[in-house]
Amino acid sequence: MDIRKPLKTIQFIRGGQVVSLANVPPSRTLLEVLREDLACTGTKEGCGEGDCGACTVVVGEAEGGKIHYRAVNSCIKLAHSIDGMALWTVEDLAAQDGTLHPAQQSMVDCHGSQCGFCTPGFVMSLFGMYQNHVACGEPITRELAQQELSGNLCRCTGYRPIFDAAQQMAALPTVAVDETDLLSKLELLAHTSKGLEANLAYNSPSTLASLLQARAAHPDAQLVAGCTDVGLWVTKMHMQFGKVLDITQVQELRRIEDYPQHIAIGAAVTLSDAFAALAKERPQLKTFAARFAGLPVRNSGTLGGNVANGSPIGDSMPLLIALGANVVLMSVRGHREMPLEALYTGYRKNVMAKDEVLAWIKVPKPAPSEMLKVYKISKRYDDDISAVCLAVNLQIDEGVVRRASLGAGGVAATPVRASQTESALLNKPWALQTVQQAISTLRAEFSPISDMRASGAYRREVLGNLLQRFWLESQGLQQINLESFVLEEVAP
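Residues numbered from 1 in each chain as written. Predicted model: local features only at pLDDT ≥ 70, side-chain atom pairs only at ≥ 80, totals over all residues. Heavy atoms only, no water.

What to know about the pairing of strand E11 (residues 326–331)
Thinking step 1. For E11, the buried fraction is high: five of the six residues fall into the buried class.
Thinking step 2. Where E11 and strand E12 (residues 334–339) come together, six bridges link them in antiparallel fashion. Its bridge partner lying in E12, Leu-329 is registered against Arg-336.
Thinking step 3. Between E11 and E12, which pair antiparallel and follow one another directly, the connecting turn spans two residues.
Thinking step 4. Here E11 runs beside strand E15 (residues 357–364); their pairing, made up of five bridges, is antiparallel. Following the sheet pairing, Val-327 is matched in E15 by Ile-361. (Buried < 20%, exposed > 50% of the residue type's maximum accessible area, 1.4 Å probe, protein only. Helix = DSSP H or I, 4+ residues; strand = E, 2+ residues; numbered from the N terminus. Pairing = 2+ DSSP bridges.)

A closer look at the packing of helix H15 (residues 432–445) against helix H16 (residues 456–474)
Thinking step 1. Two elements in contact, H15 and H16, have axes separated by 8 Å at closest approach and are oriented at 155°. Taken together, the axis directions place H15 and H16 in an arrangement best described as roughly antiparallel. Crossing geometry of H15 relative to H16 is assigned as right-handed. When H15 is examined against H16, the residues Leu-432, Val-435, Ala-438, Ile-439, Leu-442 and Arg-443 are found in contact with a partner set consisting of Arg-460, Glu-461, Leu-463, Gly-464, Asn-465, Leu-467, Gln-468 and Trp-471. (Axes fitted to C-alpha atoms, helices over the stretch in contact; angles between N-to-C directions. Parallel < 35°, antiparallel > 145°, perpendicular 65-115°, else oblique. Left-handed = near helix turned anticlockwise from the far one by under 90°. Contact = heavy atoms within 4.5 Å.)

Considerations on the nonpolar core
Thinking step 1. By size, the foremost hydrophobic cluster in this structure holds 54 residues, and its most contacted members are Val-307, Ile-361 and Val-363.
Thinking step 2. Sorting elements by how many residues they give to this core places E15 first, with six residues.
Thinking step 3. Apart from residues lying up to four places away in sequence, Ile-361 is in contact with Ile-263, Ala-264, Ile-265, Leu-303, Gly-304, Val-307, Leu-320, Ala-325, Asn-326 and Val-327.
Thinking step 4. With 34 residues, the next largest nonpolar core counts Ala-86, Phe-127, Leu-144 and Leu-182 among its residues. (Core = buried A, V, L, I, M, F, W, Y, C linked by side-chain atoms within 4.5 Å.)

So this is what it looks like as structure tokens:
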């Protein structure tokens, strides 16, 4: 760490009180602070990569005069990123007289805990569900419980009693957060002087102008935008950063703006909110969005961070490429716009200058005749990394393909557009012969590597199979789609 850079005192609300932490290094995770500095050992250290959910906590922010609650992974969240927020850990839920919160009592009543290691994480995810659904009068269905607990792994109890607990919470005596008091305390924190933040080791600017100035002044600072990947550099590669530039509090970049021809998603918008906006325009994306990691990762990670990171197996990029999305890069010198796929030059490399940041992702609105499907192939259905991802977006008019846009992931050093396959489809009749030719072209277009997730040969074969699946679904065949599969639960 650069000792010449001062460290801002972290302040957050916990248990109704302001907690102040001084001299916290910029690379220190929230989990480390909780367990080692605050002795909150109920929050468990599991995988250290946001996969198991044992470290789940809930953070709250003031949004539109209300508290917005998000379950997040503390193991890959930098401690400084919760400055100015409210925080709940598993130690904070029970009343002073020992009465358990409904999220805890329902786990007891439904026998939702066995070895207990993962239980605190499940309880905190349940608490997030309680605040976002039960407290708002919304029932928790089995489907909702499955979706929102997908980021928590249980290796011994089994999920049935935990899903039972999620649904049981609403039947227990109500426990309410005093949001009026909490909002006033968060407002006081927001007005606390930040001093010369641009000179701090951890800089979290609140305006776009200050972000661009900070980036120009410190081009070598580590940019973070949710930290769901950079956090792994800390926990798995033991990297340390002398200076961190966090974009997640930039107000302009936390917005989703609606225009006649497109929506513009700010780089600091969480994956949860970004996918919700995309699924509002294209409801068929809902299932795919729910398969992007678990909810705690989507609650922390940002669409801008996923795109800028440029991983060849990042799920959002093939979809965005197929949708014809553009990215907007900004610096104090101005801005420039380009197709998303033009951003990348090689494995995790891009065209951004040292003083530039990725500010916006512009996604065209759907055309009337758009046919869109996006497929993710992974070893696990939930909470897993893709071996192959293919997004297909066609416009067919009078039986002829008038527009073809295909994005692929897991088949090259970067997310890519399948331009040769697009040419094989464009202005051709939408017929089996055309599709068969396009399948051959798609399999030959890329030379994917073999790794722990799949062999190169498997990836090539699956690419073609997914285009065939798109054809079959376009002809009305639906039983091949897992979205139509319902697993009947057997009563104990």
